[in-house]
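# Inside the fold
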Amino acid sequence: MFRMKALVAAALVFSGSPALAQTPTHQEAKPLEPGREALAISYEKYALPNGLEVILSVDRKLPVVAVNIWYHVGAYHEQPGRTGFAHLFEHMMFQGSRNVADDVHIARLEQLGATDLNGTTSFDRTNYFETVPSNHLETALWLESDRMGFLLDAITPEKLETQREVVKNERRESIETAPYGAAREKAWHALFPLPHPYHGDVIGSMKDLNAANVDDVKDFFRKWYAPSNATLAIVGDFDVAKTKALVEKYFGTLPSHARPQRPEVAPVNLTAPVVLREEERVARLPLLSIQWLTPAYLEEGDATADVLATALSTGKASRLYRRLVLDKELAQSVSATQQSQGAQSVFSVDVVARPGVSTDTLLHEVDAVLDEVRQQGITPEEIARARTRYDTRTLAGLQSVGGFGGKADVLQSYNHFVGEPNYVAQDLARYESVTPEAVKQFAQNTLRPGARVILHAVPPARRQAPLDSKERH
Amino acid sequence: MRRLFSALLVTTLAACASNPKPAPANPDSPALGEKAAPAEATADAESFRATPPQPGKAPDLVLPTFQSAKLDNGITVIVSTRRELPLVFAGVAFAAGSAQDPKGKEGLAELTYRMLLEGAGKRDTVVLDNAFADLGVTPAMDVQADGAQVGVRVLTRNLDAAMALLSDVVLRPAFSLDAFERRKKQQLADLARAMGQPGVLAQMAYLEAVFGLQHPYGHLPDGTPASVQGLTLADVMGFYRKHTGPKAQAVILTGDISLEEGVALAKKHFSWSKNKATPPPPPPATKAPPRQQVYVVPKPGLDQTLLLVGRAGIAAGNPDEYPLELATTVFGGFFGSRLNMNLRENKGYSYGAGASLSPRLGVGPLTAYSSVRQDVTGPALSEVMNELTGLKDRPITAEELEAAREGLIRAFPGAFESVEGLGASAAALFITRRPLDEFNRTVEGLRDATAAEVQRMAEKYLDPAMMQIVLVGDPATIQEQVTPLGLGKLVPIEPDEAPVPRAAK
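Residues numbered from 1 in each chain as written. Chains lettered and ligands numbered in written order. Predicted model: local features only at pLDDT ≥ 70, side-chain atom pairs only at ≥ 80, totals over all residues.

Per an unreviewed UniProt entry, chain B carries the name Insulinase family protein and comes from Myxococcus xanthus.

Printed below as a string of structure tokens:
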């Protein structure tokens, strides 16, 4: 499963970046289980001589076609002192190129009826996509190829300055003025200490955003934005032969070089708990967030973590919700997630307190629930429910040809992480092998009390939600 | 109406995905947008890139189709068939929402509908949730001003079981006292939480500024701490009895199902419902008086200021809707709109700015919005007002109008890919009592609107003097930067600070 939490319009993605397979393995697509036939996706994959990978998948449900390009570069590849740069660069890709005037990229697509139009940056990759009426496929290819080949012709310091301000506002919306935004960022820093490239989160720091210059843009483009480091997916209602010719016309002559090497980074190993007590400036209720480093996307343990997260917090019968929200009425909301990422994933449990409840009380309760899992695992029924949920969700993801998590993104994601665009069956098969015992082992060995970051984000007493005086202790 | 599933939203603060831009008159022609190719490039093999491609023949515009039937007991069944995948959205829409909250009991509709998922038939909260989880889903409940919907997206093979559960939820809610007391405390804590969310504070103040607290649209569905505090289980059961029943409900089925199959399923699970409730009348129209003041929700030290600028707009079915949608799109509906290009792409004041028209069953809001850097609060608000004035001083050009028209119309097919999106649209059609062929009418309306009509709508509805202004942010900065703009006296709005009961046992 990969999940994306994206902000709109040239957005960034904090999560959802599963792992780059060291050696792309071409596995034979496993036959789909009975009842899962609808998950089969037919596609064709090939490469141009300049290294650009192309994935074509016909889907004639509606007269629209999705164009979706993944550049295999993200915040993971940033230079020290330039956190946030991959995402700032993504914004520059919408500012015009040799043959496309400044600022017309999005407007031009909007006025021909494009939907699901955006760009997103994660730790491991950056993507650009639009769904257009089928007669406008060539326009989308023209726009995408011009910025892949000729972006630098149009870069100016003025444009960089404006987008720097736009991105700083994006940061203010998601960090400084968002409930718990600043506190969460500190917890993230603690999970991935420098020099780990995940340290800066995707949005980066104000200081580093201020430091970025035009030379950075040029260097980054030359190194990472070559056709050899990109994959183009076209999904929807199109003619395969004509489209291949168009791809050749627009992308075939773009200069390239050998695919750049992915930097090797030593994994972070937390050896002691890190406790952060932060004064919360925006929200009115306290938040407890507990976070562990967990196996990367698709690695052993990643699927187990998904199942446990579901059993802990999805639905009113889930373990944390039932105990903290329904039975004890200590929490307003609970959320457990496995944020699957390419280098290392993060498992987190977030609990927002009811007025008057301390985060220390919440911590005690969460630990009691986790101790139960550490001792007894979870039930086969909980695992079966999670599996049905993933089957349904995965199928639903294939409804849209483009957009966040649509069919083109699904093909791209599997291609990025395992080299095989149609990996749906293998992905879902991972959950077949999750057992109560595996969940128990995961809780014992990975979700250790001694290797986690614990964030208490607590508003000052005078700004907390007022309590009814007669019930105050 | 452009996208029904967004039409019920008050305003989408976070979004800035789409807004317009002066652009080629005819998107099929190379015109304005492109630069001339550099001289040295024209001669080489890459010179073809200087000319944007010509589109092929436009495909037929595929619009979603909705069919309906009525069972003997009066319940409406709405079906939209989409056979590609074995998925169905199944839901029940209710024709009464938070606009029907009695005075002083704001928050009652929300609490009532949420109680449906706190036990039904023989199942309590946990057993019910597990029954849905066995089908791979958690049901979603959405309560809006004009109605509500509960629904699930399931594999076709789980549809019958899901309908049986939905039938229990809607027709046999447990309404237990324990669950009520708990749910009420959760709603109160939700309100306490909302006070720490600048976007929610902005919406609360905006509804008050545009509709007034006495109007049925003057509050968010959650209500206020004071009003929720007083709600009783008898209130909840009374609301449900008074406002729900087959004549005020629709069973909604979209995806891998035909009308015939849908009617059979609805008969099996919903035909014994008999309550006599009928849909409520639309809320009274609101006047949009000239602005007298600027409302300020103080948030000392906040790094950004939220701006909401708007007024009471139109009700669903108003003939002004389509030309006004076009005018609003040029002003702030697209990424390339005048407003977003000014505040974001030209000035760098914001991550995005936009405007949206939200017709409701009654007169709904017309709203422009942005979050801007604190130290440019005054200049940014000034630019919003300039762009409103600009609609008169710099009339909408033919290029702008055709870009908006073509963009809106051609985006229809791609906007209806998912069964849950179709389900939300069907619910919105039912709740705002629109005809089932509304999307065809919308396309015709957008196509037929003349330039003169669109300009007239811009001047009639987007008159800066008639726009209410709500700012959430640092009060000292707002005082210093907004006072000199002469937009009206600054009036603070403090959110309700009534205490909430301690939840912990």
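There's more to say after this.
What follows concerns the overall build of chain B. Scanning chain B from terminus to terminus reveals 18 helices and twelve strands. A separation threshold of at least 6 residues defines the contact pool for chain B, and within that pool the share at least 24 residues apart is 82%. (Helix = DSSP H or I, 4+ residues; strand = E, 2+ residues; numbered from the N terminus. Contact = placed C-beta atoms within 7 Å.)

Here we come to the packing of helix α11 (residues 321–333) of chain B against helix α14 (residues 398–410) of chain B. A pair of packed helices can be characterised by two numbers: the angle between their axes and the separation between those axes. Residue and element names in this part refer to chain B. Orientation of α11 relative to α14, taken along the N-to-C sense of each, is 110 degrees, at an axis distance of 9 Å. Comparing the axis directions of α11 and α14 gives the class roughly perpendicular. Contacts from Leu-326, Thr-329 and Val-330 in α11 reach Glu-400, Leu-401, Ala-404, Arg-405 and Leu-408 in α14. Residue composition of the contact of α11 with α14, grouped by class: five nonpolar, one polar and two charged. (Axes fitted to C-alpha atoms, helices over the stretch in contact; angles between N-to-C directions. Parallel < 35°, antiparallel > 145°, perpendicular 65-115°, else oblique. Nonpolar A, V, L, I, M, F, W, Y, C, P; charged D, E, K, R; others polar.)

Here we take up the interface of chain B and chain A. Listed per partner, the contact involves 90 residues of chain B and 79 residues of chain A. Of all elements in the fold, only α4 (125–134), β5 (148–155), α6 (177–194), α12 (338–346), β9 (350–357), β10 (365–373) and α14 of chain B reach the threshold of two or more residues within the side of chain B that touches chain A. The residue inventory of the side of chain B that touches chain A, partitioned by class, reads 45 nonpolar, 20 polar and 25 charged.

Below, the discussion takes up the pairing of strand β4 (residues 140–143) of chain B. The side chains of a regular strand alternate between the sheet's two faces. All names here are of chain B. Here four bridges tie β4 to β5, and the two strands are oriented antiparallel to one another. Bridge assignment links Ala-140 to a residue of β5, and that residue is Gly-151. Hairpin connection, β4 to β5: the antiparallel pair is bridged by four residues. (Pairing = 2+ DSSP bridges.)

All names here are of chain A. Per the domain assignment, the segments of chain A are domain 1 (11–251) and domain 2 (274–468). The centre of domain 1, based on its C-alpha atoms, is set 27 Å off from the matching centre of domain 2. With 52 residues of domain 1 in contact, the opposing surface of domain 2 contributes 51 residues. Broken down by secondary-structure element, the contributors of at least two residues to the side of domain 1 that touches domain 2 are β3 (53–58), β4 (64–71), β6 (126–133), α5 (181–191) and β7 (230–236). For the side of domain 1 that touches domain 2, the leading source of residues is α5, giving seven residues. (Domains from an automatic or database assignment.)

Taking the UniProt record as the reference, the feature "domain: Peptidase M16 C-terminal" (unreviewed entry) is found at residues 231–408 of chain B. Counted over residues 231–408 of chain B, helix gives 41% and strand 22%. Its end C-alpha atoms are 44 Å apart. (UniProt positions renumbered as here; feature names shortened; annotations may be inferred.)

Before going further, it helps to examine the domain arrangement of chain B. All names here are of chain B. Assigned domains within chain B: domain 1 (67–270) and domain 2 (285–421 + 434–492). Relative to domain 2, the C-alpha centre of domain 1 lies at a distance of 30 Å. Counting from both sides, the interface comprises 21 residues of domain 1 and, opposite them, 20 residues of domain 2.

All names here are of chain B. Within the element layout of this structure, Leu-159 appears in helix α5 (residues 159–171). Residues Leu-159 and Glu-459, 300 residues apart in the sequence, show an inter-C-alpha distance of 50 Å. Sequence-distant contacts of Leu-159, that is, excluding residues within four places in its chain, are made with Val-88, Ala-90 and Val-154.

The subject of this paragraph is the sheet that holds strand β8 (residues 274–279) of chain A. Residues and elements named next belong to chain A. The mixed open sheet is built from five strands, whose spatial order is β8-β12-β9-β11-β10. Two strands lie at the open edges of the sheet, namely β8 and β10 (331–339), each paired on one side alone. The average angle at which neighbouring strand axes cross in this sheet is 10 degrees, direction not considered. Direction of pairing for β10 relative to strand β11 (residues 345–353): antiparallel, over a ladder of eight bridges. Residue pairing for β11: Thr-337 is matched across the bridge by Ser-348.

This part covers the UniProt feature "domain: Peptidase M16 N-terminal" (unreviewed entry) in chain B. According to UniProt, the positions carrying the feature "domain: Peptidase M16 N-terminal" (unreviewed entry) are residues 87–198 of chain B. Its end C-alpha atoms 37 Å apart, residues 87–198 of chain B is made of 45% helix and 18% strand.

With that settled, consider helix α3 (residues 108–115) of chain B. Since there are 3.6 residues in each turn of an α-helix, residues three or four apart along the chain are aligned in direction. Residues and elements named next belong to chain B. Counted residue by residue, α3 has eight buried out of eight residues, so it is predominantly covered. When we look at burial in α3, the residues that qualify are Leu-108, Ala-109, Glu-110, Leu-111, Thr-112, Tyr-113, Arg-114 and Met-115. In this fold, the buried residues of α3 make contact with β4, β5, α6 and α9 (233–243). (Buried ≥ 20, exposed ≤ 12 C-beta atoms within 10 Å, placed from the backbone.)

Before going further, it helps to examine helix α13 (residues 377–393) of chain B. Relative to the 24 Å expected for 17 residues at 1.5 Å per residue, α13 of chain B spans 24 Å between its end C-alpha atoms, a close match to the ideal helical length. Listing the buried residues of α13 of chain B in full gives Thr-377, Ala-380, Leu-381, Glu-383, Val-384, Glu-387, Leu-388 and Leu-391 of chain B. (Expected span 1.5 Å × (residues − 1).)

What follows deals with the environment of Phe-180 of chain B. Residue and element names in this part refer to chain B. Along the chain, Phe-180 turns up in helix α6. As for Phe-180 and Ser-167, which are separated by 13 residues in sequence, their C-alpha atoms are 20 Å apart. Setting aside residues no more than four positions away along its own chain, Phe-180 makes contact with Met-115, Phe-175, Leu-233 and Val-236.

All names here are of chain B. A sheet is described by the order of its strands in space; here six strands give the open sequence β9-β10-β8-β11-β7-β12, paired in mixed fashion. Both edges of this open sheet fall to β9 and β12 (489–492), since each of them pairs with a single strand only. The average undirected angle you get between the axes of adjacent strands in this sheet is 20 degrees. Bridge count between strand β8 (residues 304–312) and strand β11 (residues 468–473): five bridges; the pairing is antiparallel. Looking at the pairing, Leu-307 lines up with Leu-471 of β11.

On to the nonpolar core, then. Leu-308 and Val-351 of chain A together with Ala-90, Leu-307, Ala-327 and Leu-471 of chain B are the most contacted members of the largest nonpolar core, which totals 286 residues. The element contributing the most residues to this core is helix α7 (residues 198–211) of chain B, with ten residues. Beyond its immediate sequence surroundings of up to four residues, Leu-471 of chain B is in contact with Val-294, Val-296, Thr-305, Leu-306, Leu-307, Ile-478 and Val-482 of chain B. (Core = buried A, V, L, I, M, F, W, Y, C linked by C-beta atoms within 7 Å.)

Once that is clear, we can look at the environment of Pro-279 of chain B. All names here are of chain B. Residue position: Pro-279 is located in the loop between α10 (259–270) and β7 (293–298). The exposure class assigned to Pro-279 is partly exposed, which follows from the 19 C-beta atoms found within 10 Å. Between the alpha carbons of Pro-279 and Pro-246 there is a distance of 10.0 Å; along the sequence they are 33 residues apart. Non-local contacts of Pro-279, meaning those with residues more than four positions away in its chain, are made with Ala-95 and Ala-248.

Low-confidence regions, as indicated by low pLDDT, have predicted coordinates that should not be scrutinised in detail. All names here are of chain B. In the predicted model, chain B carries a mean pLDDT of 90, and 89% of its residues have values of at least 70. Within the model, pLDDT remains below 50 along residues 1–42, and this stretch shows 133 contacts once partners closer than five positions in the same chain are excluded. Among the prediction metrics, the complex's ipTM stands at 0.90, with pTM recorded as 0.90. (pLDDT = per-residue confidence, 0-100.)

Next up on the list: the confidence of the model for chain A. Residues of chain A with pLDDT of at least 70 account for 91%, and the chain-wide mean is 90. The model gives residues 469–473 of chain A a pLDDT under 50, and that stretch makes five contacts with residues more than four places away or in other chains.

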